[in-house]
Amino acid sequence: MRNRPILQMVVFVVVGSIIGIVLALLIPWFPSKGSVQAGNVRTLYTVLLIATIPIFVLVETVVLFSVWKFRMRPGQEEMDGPPIHGNTRLEVVWTAVPAILIVSLCTYAYTVLRSNEANKTNAMTVNVTTRQFAFEFSYPESGGKQVISSVLYLPDNRPVVFKLRSLDVIHSFFVPSFSEKLDAVPGITTTLRVTPNVLGTYPVECTELCGAGHSLMRTAVRVVSPTAFASWLRAQPANAPPPIGTTPPTVTNAVPGYGAPSPGGPSSASSASSSASSGSTSGSSSSSSASGASTSAAAGKTVFTGAAGCSGCHTLAAAGATGTVGPDLDARLKSDCATAASKTARGATLQQCIQTAITKPYAYLPTGHSAGIMPSNFAQRLSADQIQALVSFLASAAK
Ligand code: HEC
Ligand SMILES: [Cu+2]
């Protein structure tokens, strides 16, 4: 009866594995399923659970059995264990079996990854622009108009290619129900592919600690029928102002890595401009023409209406700008700059005031406006000449 303990262990392992697998499959590990990719990931996890639980139960059973069976009994304190050298057959088995298991699980996981990341035909591109602390979605394929939304709308059963960009720090775009997640990294464009296949509304979260407002960086994705999506897209205003708190799309043209790669390097924001048209002059050409005061003001208008995105947020008749996010520069710039508090914080002359307002926007906050909305990095993003041109342009345009 030398084999009795082994038999008992085998029974124990089989029964324990079955109970363990049933329990593990009963646990709802994942949020509701919303995409083709999520289905693949879920199947992968089920296979992993079924493969790993018996191994766990086997190892623990042998460990506990040995601890119990070979424990030291009274009177054995001085005794040594039996001199065992090894067991070649056992060693071959416990090396080969795990090796085969790991190689096959890795191969399977790799095929799932490949299929989830595969290029699908008929895919729709959606640009995801992240910044502290919001997501902005824009739809380049919306019939020639610029559609921007703070809620992500997607048609059911259509592959989507997300192009992720960041305007400031690293963020991470995560829709738990899609089982897909990717970082948005300043300076580069990252690509994520998802095919939503269940109608519904799911949370979108930033999963990279990106600053004080990180926990608020959330929005929703609404997967709707293709016809509902088409009519939503049609109903969106063309060239609408961006959702409050997000940077207008024209600004993103000046962000390195945004849009089509441009040979002129990060600061040349000439490509990928849709609404800005000729306005998005590259840094070099506008600065070379900015010599005299009047040409400088003209260059300033170009910067104002172009890639810097000023006109998306400010109203200014001289530039044909009608933005309403920031102060109306026609109505307020002169009087705001004339207040004592502004003179202290931004400098006494109108020129100094404008210069400071552009390079250190929150040094003084005009009544009714708060910090954190006007981008604070124009001093780095624009050349000194471009800022000078903006200052002359605004000083001459302010009424
Ligand atoms: C995302 C929206 C946004 C963009 C883009 C933007 N601004 Fe502003 N701007 C604001 C807000 C909000 C304020 C008021 C609060 C503050 O000063 O930060 C402001 C304030 C100003 C002021 C001071 C106005 C006053 O009445 O005191 C000036 C001047 C100004 N912006 C110029 C510009 C220029 C030039 C650009 C482009 C290079 C620009 N802004 C881009 C939102 C924006
Ligand atoms: Cu974030």
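The shown structure was predicted, so the numbers you read here are calculated from the model rather than taken from an experiment. (Residues numbered from 1 in each chain as written. Chains lettered and ligands numbered in written order. Predicted model: local features only at pLDDT ≥ 70, side-chain atom pairs only at ≥ 80, totals over all residues. Heavy atoms only, no water.)

*Asks:* What exactly am I supposed to notice about the coordination of the copper ion (ligand 2) here?
*Replies:* The expected angle between donors at a tetrahedral four-coordinate metal is 109.5 degrees. At an octahedral six-coordinate metal it is 90 or 180 degrees. All of the protein donors around the copper ion (ligand 2) are His171 (ND1), Cys206 (SG), Cys210 (SG) and Met217 (SD); their distances to the metal are 2.0 to 2.5 Å. Taken together, the four donor atoms surrounding the copper ion (ligand 2) define angles of 94 to 123° at the centre, an arrangement classified as tetrahedral. Every donor residue of the copper ion (ligand 2) comes from the same chain, spaced as H-x34-C-x3-C-x6-M. Taken together, the residues span a long stretch of sequence, with His171 in strand E6 (residues 171–175) and Met217 in the loop between strand E9 (200–206) and strand E10 (218–224) at a distance of 46 residues. (Donors = N, O, S within 2.8 Å, 3.2 Å for Na, K, Ca; no water. Tetrahedral: all angles 85-135°; square planar, octahedral: opposite > 155°, others 65-115°. Helix = DSSP H or I, 4+ residues; strand = E, 2+ residues; numbered from the N terminus.)

*Asks:* Teacher, can you tell me more about the environment of His314 here?
*Replies:* Tracing the chain through its elements places His314 in the loop between helix H8 (310–313) and strand E11 (315–316). In this structure, the C-alpha to C-alpha distance between His314 and Thr324, residues 10 residues apart in sequence, is 5.6 Å. Dropping the residues within four chain positions of it, His314 is found in contact with Phe304, Ala321, Thr322, Gly323, Gly326, Pro327, Leu329 and Met374. A distance of 2.9 Å separates the side chain of His314 from the backbone oxygen of Pro327, its partner in a polar contact. (Contact = heavy atoms within 4.5 Å. Polar contact = N/O pair within 3.5 Å; in protein donor to acceptor, adjacent residues only side chain to side chain.)

*Asks:* What am I meant to see in unusual backbone geometry here?
*Replies:* Comment: phi is negative for the bulk of residues other than glycine, and the bulk of peptide bonds are trans. For the bond from Gln132 to Phe133, the omega torsion is 5°, close enough to zero to count as cis. Residue position: Phe133 is located in the loop between strand E1 (124–131) and strand E2 (134–139). The residue Asn157 is not glycine, and still its phi comes out positive at about 65°. Summarising the element assignment, Asn157 is placed in the loop between strand E4 (152–155) and strand E5 (160–166). On the accessibility criterion, Asn157 (53% relative accessible area) is exposed. The residue Ser179 is not glycine, and still its phi comes out positive at about 55°. In this structure, Ser179 sits in the loop between E6 and strand E7 (180–184). (Buried < 20%, exposed > 50% of the residue type's maximum accessible area, 1.4 Å probe, protein only.)

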